[in-house]
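# Structure assessment
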Amino acid sequence: GEGGEVRLAIYDAAGRRRRELLHESVSAGPTELEWDGRDEAGRELPSGTYFAQLVAPGLTRTERVIVLR
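All figures in this text were calculated on a predicted structure; none of them were measured in a lab.

Here we come to the side chain of Arg-19. One can find Arg-19 in strand β2 (residues 17-26). Looking at Arg-19, its side chain comes within polar contact range of the main-chain oxygen of Arg-38, at 3.0 Å. Leaving out residues up to four positions away in the same chain, Arg-19 has contacts with Leu-8, Ala-9, Ile-10, Trp-35, Asp-36, Arg-38, Asp-39 and Glu-40.

In structure tokens, the structure reads:
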């Protein structure tokens, strides 16, 4: 496969983007990221259900993420 622009962002249940973890061109192959449960301003997000959305060339995938405080 080839690389390309990849975006990974965290959204709340209302669909608001709370944190962008990645938005850059990456090479093909595994990439590992860790999210600290904080929003763009560095504040801890409250417990609840969030969604991590990955957008890459030819792929959009959304996974549910549970935050427990």
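Having seen the model, we can carry on.
The next subject is the nonpolar core. Val-6, Leu-8, Ile-10, Leu-22, Val-26, Trp-35, Leu-45, Tyr-50, Ala-52, Ala-56 and Val-67 together form the largest nonpolar core, which totals 11 residues. Taken together, the elements giving at least two residues each to this core come down to β1 (4-12), β2 and β3 (48-56). Beyond its immediate chain neighbours, meaning those up to four positions away, Leu-8 contacts Arg-19, Glu-20, Leu-21, Leu-22, Leu-33, Ala-52, Gln-53 and Leu-54.

What follows concerns the layout of surface pockets. Of the volumes computed, that of the largest pocket is approximately 360 Å³. Around the largest pocket sit 21 residues that line it, and Val-6, Leu-22, Thr-31, Leu-54 and Ala-56 are the ones nearest its centre. Counting residues per element, the ones that place at least two in the lining of the largest pocket are β1, β2 and β3. Ranked by residues supplied to the lining of the largest pocket, first place goes to β1 with four residues.

Criteria and thresholds
- Every chain begins its residue count from 1, and numbering advances along the sequence as written.
- Two thresholds apply to this predicted model, a pLDDT of at least 70 for residue-level local features and 80 or more for giving and counting side-chain atom pairs, whereas whole-chain, interface and lining totals are computed over all residues.
- Side-chain metrics in this entry use all non-hydrogen atoms of the structure; hydrogen atoms and water are not considered.
- What counts as a helix is a DSSP run of H or I of at least four residues, what counts as a strand is a run of E of at least two, and both are numbered from the N terminus.
- In protein, a polar contact requires one atom able to donate a hydrogen and another able to accept it; more generally it is a pair of N or O atoms within 3.5 Å, and residues adjacent in sequence count only if both atoms are side-chain atoms.
- Contact between two residues is taken to exist if any of their heavy atoms lie within 4.5 Å; hydrogens are not considered.
- Residues belong to a common nonpolar core when they are buried Ala, Val, Leu, Ile, Met, Phe, Trp, Tyr or Cys residues joined through side-chain atoms within 4.5 Å.
- Relative accessible area decides the class of each residue, using a 1.4 Å probe on protein chains only: under 20% of the type maximum gives buried, over 50% gives exposed, and in between gives partly exposed.
- Buriedness for pockets is judged along seven lines, at least five of which must meet protein on both sides within 12 Å for an open set on the 1 Å grid over protein atoms alone, while cavities are sets there where a 1.4 Å probe fits but cannot get out, and lining residues have an atom within 4 Å of a point.
- Grid points are joined across faces, edges and corners, and a volume is the space filled by probe spheres set on the points.

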